[in-house]
Amino acid sequence: LDLYEKTGIDRLSLWDWPACLPRYVGPPREGVEHIDPSFSFWGKVSERIYPLLVGLERYRWPRTEDFDFAKLAAGMEEAHQRDMVSITGHIGVGLQHHIQMRGYEQAMFDVMDDAFMEEYMGRLREFYLPYLEALMAAGRGRIDLVRSDEDIGGQNAMLINPATWRRWYKPLWTEAYAIVHRY
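Residues numbered from 1 in each chain as written. Predicted model: local features only at pLDDT ≥ 70, side-chain atom pairs only at ≥ 80, totals over all residues. Heavy atoms only, no water.

A. Structural view of the overall build of the protein. Looking only at helices and strands, one finds 7 helices and 4 strands in the protein. Counting from the amino terminus, helix and strand elements in the protein follow one another as α-β-β-α-β-α-α-α-β-α-α. Across the protein, the fraction of contacts at a sequence separation of at least 24, relative to all contacts at a separation of at least 6, is 74%. Here the protein displays about 10,100 Å² of accessible surface, and carbon together with sulfur accounts for 52% of that area. (Helix = DSSP H or I, 4+ residues; strand = E, 2+ residues; numbered from the N terminus. Contact = heavy atoms within 4.5 Å. Areas by Shrake-Rupley, 256 points an atom, 1.4 Å probe, with all protein chains shown as cover.)

If you want it as structure tokens, here you go:
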């Protein structure tokens with residue numbers, strides 16, 4: 001028996017059950033042996049693979065049609081029938097995702113390059129907003145929690161200037177959460 005069934009204590013996973021994520025059905029990603037539905041569809045498989053270092057033009061950006069949302073609502077319903085929270089995701093539109101895609105040092109240089117950041121954030125927006133609409137619609141009102149994460153703070157301060165974070169990342173976070181809140 002799992003912990004919940006045996007003790008009545010709920011456990012919460014953002015990657016495994018009860019999380020319900022769409023299945024990646026797009027083309028294989030270079031260097032990725034196993035595609036998980038959370039992040040490897042970007043081409044990320046470890047802290048040492050930065051897929052966007054090939055450049056914005058050469059990188060194959062994910063598309064909403066690369067995902068199969070068909071079983072999402074049923075997974076949400078199953079979680080509810082077991083009296084559990086239904087979870088989906090993943091929203092990653094901030095600095096943490098940027099670092100995972102470009103590497104820490106390169107991301108720090110990127111935020112000082114207006115032309116790069118406008119193009120990068122525009123491409124993220126082109127993928128994430130339609131993806132989130134499809135994700136939330138596929139959940140048919142059964143989604144309780146949407147996984148999103150951002151790593152912007154160190155021990156004593158933000159990793160980048162707060163004005164820089166507000167300029168480049170906050171607008172897309174705001175748009176993404178607006179979609180989530182509509183559902």
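And the narrative resumes.
B. Geometry of the packing of helix α3 (residues 95-102) against helix α5 (residues 114-138). Two elements in contact, α3 and α5, have axes separated by 13 Å at closest approach and are oriented at 105°. In terms of orientation, α3 lies roughly perpendicular with respect to α5. Across the interface between the two elements, His-97, His-98, Met-101 and Arg-102 of α3 pack against Phe-116, Met-117, Tyr-120 and Leu-124 of α5. Class assignment for the residues of the contact of α3 with α5 results in 5 nonpolar, 2 polar and 1 charged. (Axes fitted to C-alpha atoms, helices over the stretch in contact; angles between N-to-C directions. Parallel < 35°, antiparallel > 145°, perpendicular 65-115°, else oblique. Nonpolar A, V, L, I, M, F, W, Y, C, P; charged D, E, K, R; others polar.)

C. Layout of the packing of aromatic side chains. If you walk through the whole model with that rule in mind, you get 12 aromatic pairs. With a centroid separation of 5.5 Å and 70° between ring planes, the pair formed by Tyr-24 and Phe-67 is classed as edge-to-face. Residue Tyr-24 is located in strand β1 (residues 23-24), and its partner Phe-67 is located in strand β2 (residues 67-68); the two are separated by 43 residues in the primary sequence. Side by side, Tyr-24 and Phe-67 carry an identical accessibility label, which is buried. The interplanar angle of 80° and the centroid separation of 6.2 Å between the aromatic rings of Tyr-128 and Tyr-131 together place this pair among those described as edge-to-face. In this pair, Tyr-128 and Tyr-131 both sit in helix α5, 3 residues apart, roughly one turn of the helix. Within the aromatic cluster, the residues linked to one another by ring pairs are Tyr-24, Phe-67, Phe-69, Phe-127, Tyr-128 and Tyr-131. (Phe/Tyr/Trp six-rings, centres within 6.5 Å; stacked < 30°, edge-to-face > 60°. Buried < 20%, exposed > 50% of the residue type's maximum accessible area, 1.4 Å probe, protein only.)

D. Spatial organisation of the nonpolar core. Core analysis: the biggest nonpolar cluster contains 44 residues, and Trp-42, Tyr-120 and Tyr-169 have the highest contact counts within it. At the level of elements, α2 (72-81), α3, α4 (104-110), α5, α6 (162-168) and α7 (170-182) are the ones that each hand at least two residues to this core. With 13 residues, the top contributor of residues to this core is α5. If we skip the residues at most four places from it in the chain, Tyr-120 touches Leu-52, Leu-56, Trp-61, His-97, His-98 and Met-101. (Core = buried A, V, L, I, M, F, W, Y, C linked by side-chain atoms within 4.5 Å.)

E. Representation of α2. Buried within α2 we find Leu-72, Ala-73, Gly-75, Met-76 and Ala-79. Along α2, the residues classed as buried sweep out an arc of 160° about the axis, all on the same side. In α2, the exposed residues that point more than 90 degrees away from the buried face are Ala-74 and Gln-81. For α2, the elements touching its buried residues are β3 (87-91) and α5. Of the residues one or two after α2, Asp-83 is the one with positive phi, at around 60°. (Arc of directions from axis to C-beta.)

F. Representation of the pattern of salt bridges in the model. Under the definition given, this model contains 9 salt bridges. Between Arg-60 and Asp-66 there is a salt bridge, and its shortest N-O distance comes to 2.7 Å. Owing to a relative accessible area of 26%, Arg-60 belongs among the partly exposed residues under this scheme. Taking the relative accessible area as the measure of exposure, Asp-66 reaches 5% and is therefore buried. (Salt bridge = Lys/Arg side-chain N within 4 Å of Asp/Glu carboxyl O.)

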